[in-house]
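This is what each chain is made of:
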Amino acid sequence: FFAAADGLGSIAIDTTQLNMSVTDPTAWATAMNNLGMVPVGLAGQQLVTDSICVPGFDPSLSMMTGITPINPMIPGMGLVPPPPPTDVPVVKEIIHCKSCTLFPPNPNLPPPSTRERPPGCKTVFVGGLPENATEEIIQEVFEQCGDITAIRKSKKNFCHIRFAEEFMVDKAIYLSGYRMRLGSSTDKKDSGRLHVDFAQARDDFYEWECKQRMLAREERHRRKMEEDRLRPPSPPAIMHYSEHEAALLAEKLKDDSKFSEAITVLLTWIERGEVNRRSANQFYSMVQSANSHVRRLMNEKAAHEQEMEQAKESFKNALTGILTQFEQIVAVFNASTRQKAWDHFSKAQRKNIDIWRKHSEELRNAHSEQLMGIRREEEMEMSDDDSGDNPSKKLRVDDSALAAQAYALKEENDSLRWQLDAYRNEVELLKQEKGQLFRTEESLTKDQQLQFLQQTMQGMQQQLLSIQEELNNKKSELEQAKEEQTHTQAMLKVLQEQLKSAKELAEINGHDESQANEINVLTVALVNQDREKNSEKRSPGLKSEKEALLIGIISTFLHVHPFGANIEYLWSYMQQLDSRISANEIEMLLMRLPRMFKQEFTGVGATLEKRWKFCAFEGIKTV
C-alpha cells in the first residue's frame, strides 16, 4: 500500500459541479449496450454533492466518546434526498468529463467490497485504470471529490490519491465499480473498471495520532481543572501565639461547638514550643479546659451506645417476627405435603410446592442461624461483663436479665421444636424416596469432588516423596563435600610440614634449588597417589553433559601443554568459551578426576607455582 505521499503540495482544484445528465440518448444507449442492460430513463443528478459528506466529519468519534458516528448516507438525516420507493432500484448515472466518460455498474450486482477503514484515512487506492490514463485525467475525475494533495501513479494501472480531508475519501469510494473510457475510443487500453478502496498511509496515521494526542491533552487538562475545582479548600493558617489570641482560644475551648477547631490551634502552639515560664500558667488553664471535655465525650459515647443497643434490640425483635412468619409458611408447606392434601394436587403443583418448601426452609434456617449468632454474641458480652465484676456483684442478678434469658430460652426452644418438625418431614420424604435407585446430582458432584481430592492427595504424596529423596541426596552430597574438605585440609598440613622440613634440610646441608624441586615433586606425587586411592573409593560419575564437555576441552588443552598449566591460565582460556564458568568450578572438576589430571608444584618460596597436567595416557602406558 501507499506509505507516504511524496511531492505534497497544493494542487489547483476546479470547483465546478459536474452534472450527470442522461438527456443525451446516444450516450445513454451506448452505455447500456456496453453493460448489456436495458436503458432506463431517470433524471440526472450530481455525482456526489457536498451535502452527502459533512465537512469536518470525524470517523474516530466513536473511539473518543463511545457515540456511534452518523452515517451521512442514512436516509432521513437531512443529508441526502429521501430514498426512492423500494420497488425501484437505485441506479447510478453516467458521468461525463472532458477527457473521459464514467459508466455506472450494473445495479443488480452486489456493491464492491472494501477493506476496514484505517484510522484517520485520507488516502485511497484506485485500481483498474486504463493503460493510457494519465495523472491529468485521474485528477480531472477525482478532483470533484475534494482537494487532492498528492497523486502517485504506478505503471501497473493503479494509483494512490491523498485528499486534504477525511470526508473526501467517502466521495471517492462512491466511484468504485464505474467503468472508465477515455474519449470515444473502444480500444481495450482506453477502458477499465475502477476499484476504489481505503489505503493505509503512514502520514495519515501520524496525523491521526497527533490529533488523538491533542484530544488526550485537552481531556487531561479538563479533568485537572475539574479536580482543582472540586478539591476541598486548604485549612486556614494557624495564627501565632499572643496573649490576646490565647485569651480568645481559652473562650473557644469552653464552647462545645468550637472545641475541635480550638484544640487544633492549642496542639500546634505546644508543638511549636510556645510554652515557656511566662506563659505556662495560661497554657495549663487551656489544657485544663481541654480535660473538662472528657466527661462530655464519655456521656456522648454512652448515649450512642444506648442508641445502638436499642437499634440491636429492635432489629432482633423484627428478625424474630420474620422468623415466626417463616416458620408458619414452612408449616403450611409441610401440611400440604401430607397424604391427605398431597394426593389431590397435580404433578406440576406438587413440583412447585416442593420447590417453594425447600426455598422457604433454606431462608428459615439462614434467619435462624443469624438470630442464634446475635444471641451468642450477647451471651459472650454478658460473660465478659460478669468476669470483669467483683464476686459480690456476680451474686446480684437483675430480674430483667433473668427474664430476658428466660425469653431467649423460650424462643430457642420454639425454634428447635420447629426444626425438629422440619426434620421429621424430611425423614418421611426420604422414606418415600427410598425405593428410587437413581443417584441425584448432588451425590454425583460429591463423588467427583471426593475423587478429585483423592487425586490431589496422591499427587501431593508423590511430590513429598520426591522432595524427601532430593533432601537425602543433598545430605549425602553435603557429607561427601565435608569429607573432601577435611581430607584436603589434612593433606595441606602434611604438605606444609614437608616443605618446612625440606627448607631446613636445604639450609643445613646447602642443597641447591634443583634438589628442593625434586623433594617438592616427590611430596606432590605422594599426595596425588593418596588422592587417587581415596578417589577410587568415592569417585562419583559425571553429573551432566556440560561437565563431560568441559573435561574434553580441558584434556585437549592440557595435552598440547606437556609441561602443564596453572589454573588461572586454564580459566582464562575456558572463559572465552563460557563466560559464566569460574576458576573454582574448574579446579573442583579436576580434583574429582585424579586418574586423568594431576597437580604438581614447582619452584621454592615466592616462586612456588601449582600446575595441572594431563596424565590419562600414562595410566594406559603402564597397563
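What counts as what
Residues numbered from 1 in each chain as written. Predicted model: local features only at pLDDT ≥ 70, side-chain atom pairs only at ≥ 80, totals over all residues. Heavy atoms only, no water. UniProt positions renumbered as here; feature names shortened; annotations may be inferred. Axes fitted to C-alpha atoms, helices over the stretch in contact; angles between N-to-C directions. Helix = DSSP H or I, 4+ residues; strand = E, 2+ residues; numbered from the N terminus. Parallel < 35°, antiparallel > 145°, perpendicular 65-115°, else oblique. Left-handed = near helix turned anticlockwise from the far one by under 90°. Contact = heavy atoms within 4.5 Å. Pairing = 2+ DSSP bridges.

- An unreviewed UniProt entry annotates the chain as ENOX1 protein of Centropus unirufus.
- UniProt's Sequence similarities (unreviewed entry) comment on the chain is quoted here verbatim: "Belongs to the ENOX family."

### Let's talk about the packing of helix H6 (residues 243-254) against helix H8 (residues 280-291)
Okay, so step 1: Across the interface, H6 lies against H8 with an axial gap of 9 Å and an inter-helix angle of 15 degrees. By the angle class used here, H6 and H8 are roughly parallel. The crossing of H6 and H8 is left-handed. On H8, the residues that touch Glu 243, Ala 246, Ala 247, Leu 249, Ala 250, Leu 253 and Lys 254 of H6 are Gln 282, Met 286 and Ser 289.

### Here's the deal with the sheet that holds strand S6 (residues 148-153)
Okay, so step 1: In spatial order, the strands read S6-S7-S5-S10; together these 4 strands make up an open sheet with antiparallel pairing. A strand with exactly one partner marks an edge of an open sheet, and here the two such strands are S6 and strand S10 (195-198). Each neighbouring strand pair of the sheet contributes to a mean axis angle of 20 degrees, computed without reference to strand direction.
Okay, so step 2: This element, helix H3 (residues 135-142), spans strand S5 (123-127), S6, strand S7 (158-163) and S10 of the sheet and lies at about 140 degrees to S6.

### Some words on the sheet that holds strand S4 (residues 100-103)
Okay, so step 1: As summarised here, the arrangement of the 4 strands in space is S3-S4-S8-S9, forming an open sheet in which the pairing is antiparallel. Lying at the two open borders of the sheet, with one neighbouring strand each, are strand S3 (95-96) and strand S9 (191-193).
Okay, so step 2: As judged from the 4 bridges shared by S4 and strand S8 (residues 179-182), these two strands associate in the antiparallel manner. Each bridged residue has a counterpart across the sheet, and for Phe 103 the counterpart in S8 is Arg 179.

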